[in-house]
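Results of the structural survey
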Amino acid sequence: MNKWLVTLIACVCVAACNGEKENFSPDEGDMQRARQVSLFESKDSQNKWILHADEVDFEDMQHAVLFHPRLLLRENGQDSAQVTGEQGILDYSKKLVTIERNARVESFLQDAVLTTDRFFYDIDKDRVWSDKKTLVTRGNTKVTAKAGIETDSKLRKIEFKKQSTELPLNPDELREGVK
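**Examining the overall build of the protein**
On a plain count of helices and strands, the protein comes out with two helices and 13 strands. Per element, the accessible surface of the protein, about 10600 Å² overall, is 48% carbon and sulfur.

Rendered as structure tokens:
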């Protein structure tokens, strides 16, 4: 059994058993739900990513439904970016996280914010992308990728699909956004 699946199962068990009594009640009929769940993957004693959700529905054996997910992406032990939204899905077999409904990526290293309806994160390939209109904001500069974006989890190089750019009126404002 691979490390990733073992880590997932261990985290689910800890999350389900570690809550207060009000978090787990057989009378609710939600036997497959857990609150305040955190899943992660580590490499060389460093977390590569950490997925938090206020609540997770594990009822389906193929995927888990995430409520208010927050995916924290890390590099060299430091937080590099965070993907948030109102709902998400963790597909176990594809190792794919989908975060949607007011989806937002905030890059801490690049000082950029990306917004769209839905972002995807491929765990194995460490890749983030969207397939719908995505707005990228950095400083006073806004770029719209009409067909989405694709990037690594560190957001160092973003590929724009069908791009349009809105530049500030004053060129000095563009330099301020790069600082």
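**Description of the pattern of salt bridges**
Taken as a whole and assessed by the stated rule, the structure comprises eleven salt bridges. Arg-101 is the salt-bridge partner of Glu-86, the closest N and O atoms lying 3.2 Å from each other. Remark: Arg-101 occurs in strand β6 (residues 96–107) and Glu-86 occurs in the loop between β4 (78–84) and β5 (87–91); sequence separation between them is 15 residues. Judged by relative accessible area, which is 29%, Glu-86 ranks as partly exposed. Residue Arg-101 is classed as partly exposed on the basis of its relative accessible area, which comes to 44%. Among the ionic pairs, Lys-95 bridges to Asp-124, the shortest N-O distance being 3.6 Å. Here the residue Lys-95 occupies a position in the loop between β5 and β6, and Asp-124 occupies one in the loop between β7 (112–122) and β8 (127–129), the gap between them amounting to 29 residues.

**Here's the deal with the confidence of the model for the protein**
Per-chain confidence: the protein averages 82 in pLDDT, with 79% of residues scoring 70 or above. Per-residue pLDDT, averaged within each element of the protein, yields its smallest value for helix α1 (residues 3–18) (51) and its largest for β5 (97). Confidence drops under a pLDDT of 50 for residues 13–27, and excluding neighbours within four residues, the segment shows nine contacts in the predicted structure.

Thresholds, definitions, all that
- Residues numbered from 1 in each chain as written.
- Predicted model: local features only at pLDDT ≥ 70, side-chain atom pairs only at ≥ 80, totals over all residues.
- Heavy atoms only, no water.
- Helix = DSSP H or I, 4+ residues; strand = E, 2+ residues; numbered from the N terminus.
- Areas by Shrake-Rupley, 256 points an atom, 1.4 Å probe, with all protein chains shown as cover.
- Salt bridge = Lys/Arg side-chain N within 4 Å of Asp/Glu carboxyl O.
- Buried < 20%, exposed > 50% of the residue type's maximum accessible area, 1.4 Å probe, protein only.
- pLDDT = per-residue confidence, 0-100.
- Contact = heavy atoms within 4.5 Å.

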